[in-house]
Amino acid sequence: MSAAATVGLRAPRPAYALFVLPFVALYALLLLWPLAKGVWISFHDHDLLSNDSFWVGLGNYRELLDDEVFHQVIWNTIRFVAISTPIFVILSLMLALALNRPGKLATLLRATFFCASVFSVTLITLVWKLALMPERGLIAQFFHALGLPDLPLLTSDNLALLTVALVTVWWIIGLPMILFLSALQQIPSDIYEAAALDNTPRWRVLTHITLPSLKRAIVLVALIEIIRQFQVFPQIMLMTNGGPNNTTRPIVQFIYEQAFMQLSLGYATAASQVLLAIMLVGVSTQLWLERDKGGQR
């Protein structure tokens, strides 16, 4: 190939930008513009009812710093993420390991776990509210049969958030399980055959072959669940409405109430920017910890 042809291949051409222009345009329209608009609105006192808007600068953020309810909903959301995310990762990995085998029973169980995640949140919360009813619910009847006292699972300050987290795990455990199953099926079978020829114990196969091969999948599932659980809202809204005593109200419900019940769009948008910052910090910390572990190895 001549030098002129090589230079021609390496030289950038403006026409190449036409291939990525539709994606860049949609990315800017659907993501960058709403993000910038949200930041701009957060610096205003914007009333949805009258559509009046006044510049307040950092006034909304200063008000959030002094709002004890906002402090509580942040703490509730962080607790919910801290409870649910490890359960999602560990339980979905265990299910994937148990069901990663041929056979009709394994296929049926995989379909059963995944089907629950496609049900609507209204249906899930209705079923579980009936099951968790005091005295007459299925859970209460089970406790009575064992001679145990009835637990106020949705009305206790200490148990309500944990109960909703467990219901959420039961509801959408299918997606992370499928992700782990996909990652397990990507591991070459030759490695397991070699381990079997060496009579390697199953525990060593799990800890030295399977789990290291699933490192990327574990990080992916953890990041997905951190992002999803920080945005928790509908199941809490329908099961406890943020109670009892504001112990289960998440930050998304706070944003919804400020925007559409108090009609204070600027204040709600400022709270949403704080949520975005917290999510970025959580995801960045997770990525940094995984990179640091990889560097130590």
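Bear in mind the structure is a predicted one, so any value in this text is a computation, not a measurement.

Visitor: Would you mind going over the packing of helix 4 (residues 68–99) against helix 9 (residues 174–184) with me for this structure?
Guide: Each packed pair of helices is defined by two parameters, the angle between the axes and the distance between the axes. Two elements in contact, helix 4 and helix 9, have axes whose closest approach is 8 Å; the angle formed by their N-to-C orientations is 50 degrees. When the axis of helix 4 is compared with that of helix 9, the two are oblique. Judged by the sense of rotation from one axis to the other, the crossing of helix 4 with helix 9 is right-handed. For the pair helix 4 and helix 9, the contacting residues are F88, V89, S92, L93, L95, A96, L97 and L99 in the first and P176, M177, F180, L181 and L184 in the second.

Visitor: Any chance you could explain the side chain of S42 here in plain terms?
Guide: Relative to the helices and strands, S42 resides in helix 2 (residues 17–42). Residue S42 is classed as buried on the basis of its relative accessible area of 0%. A distance of 2.5 Å separates a polar atom in the side chain of S42 from the backbone oxygen of V39. Here S42 is in contact with G57, N60, Y61, G266, T269, A270 and Q273, once residues within four sequence places are set aside.

Visitor: I keep staring at the side chain of S84 and nothing clicks. Help me out?
Guide: Its location among the elements puts S84 in helix 4. With a relative accessible area of 0%, S84 lands in the buried category. In this view, S84 contacts A165, V169 and Q229; residues no more than four positions away in its chain are not counted.

Visitor: Would you mind going over the layout of surface pockets with me for this structure?
Guide: What the largest pocket holds in volume is close to 500 Å³. In terms of lining residues, the largest pocket is bounded by L97, N100, R101, L184, Y192, A195, A196, T200, R202, V205, L206 and T210. Of all the elements in the fold, those that place two or more residues in the lining of the largest pocket are helix 10 (189–197) and helix 11 (202–213). The dominant element in the lining of the largest pocket, judged by the number of residues it contributes, is helix 11, at four residues. In terms of residue class, the lining of the largest pocket is made up of seven nonpolar, three polar and two charged.

Visitor: Would you mind showing me how to read the packing of aromatic side chains here?
Guide: The relative placement of two aromatic rings is captured by the distance of their centres and the angle of their planes. One pass over the structure, following the stated rule, counts 10 aromatic pairs. Between the aromatic rings of F142 and F143, the centroid separation amounts to 6.3 Å while the plane-to-plane angle is 45 degrees, which identifies the pairing as tilted. On the basis of relative accessibility, which here comes to 51%, the residue F142 falls in the exposed class. Owing to a relative accessible area of 16%, F143 belongs among the buried residues under this scheme.

Visitor: Would you explain the pattern of salt bridges in this entry?
Guide: Pairs can form between side chains of opposite charge whenever their charged atoms are close. Applying the stated criterion across every chain yields a total of two salt bridges. Notably, a salt bridge pairs R228 with E225, separated by 3.5 Å at the nearest N-O pair. Residue R228 and its partner E225 are both found in helix 12 (residues 215–230); the two are separated by three residues, about one turn of the helix. For E225, a relative accessible area of 1% gives the class buried. In this structure, R249 engages E257 in a salt bridge whose closest nitrogen and oxygen atoms are separated by 3.3 Å. What makes E257 buried here is its relative accessible area of 16%.

Rules used in this analysis
- Residues numbered from 1 in each chain as written.
- Predicted model: local features only at pLDDT ≥ 70, side-chain atom pairs only at ≥ 80, totals over all residues.
- Heavy atoms only, no water.
- Axes fitted to C-alpha atoms, helices over the stretch in contact; angles between N-to-C directions.
- Helix = DSSP H or I, 4+ residues; strand = E, 2+ residues; numbered from the N terminus.
- Parallel < 35°, antiparallel > 145°, perpendicular 65-115°, else oblique.
- Left-handed = near helix turned anticlockwise from the far one by under 90°.
- Contact = heavy atoms within 4.5 Å.
- Buried < 20%, exposed > 50% of the residue type's maximum accessible area, 1.4 Å probe, protein only.
- Polar contact = N/O pair within 3.5 Å; in protein donor to acceptor, adjacent residues only side chain to side chain.
- 1 Å grid on protein atoms, 1.4 Å probe; cavity = no way out; pocket = protein on both sides within 12 Å on 5 of 7 lines; lining within 4 Å.
- Points joined across faces, edges and corners; volume = space filled by probe spheres on them.
- Nonpolar A, V, L, I, M, F, W, Y, C, P; charged D, E, K, R; others polar.
- Phe/Tyr/Trp six-rings, centres within 6.5 Å; stacked < 30°, edge-to-face > 60°.
- Salt bridge = Lys/Arg side-chain N within 4 Å of Asp/Glu carboxyl O.

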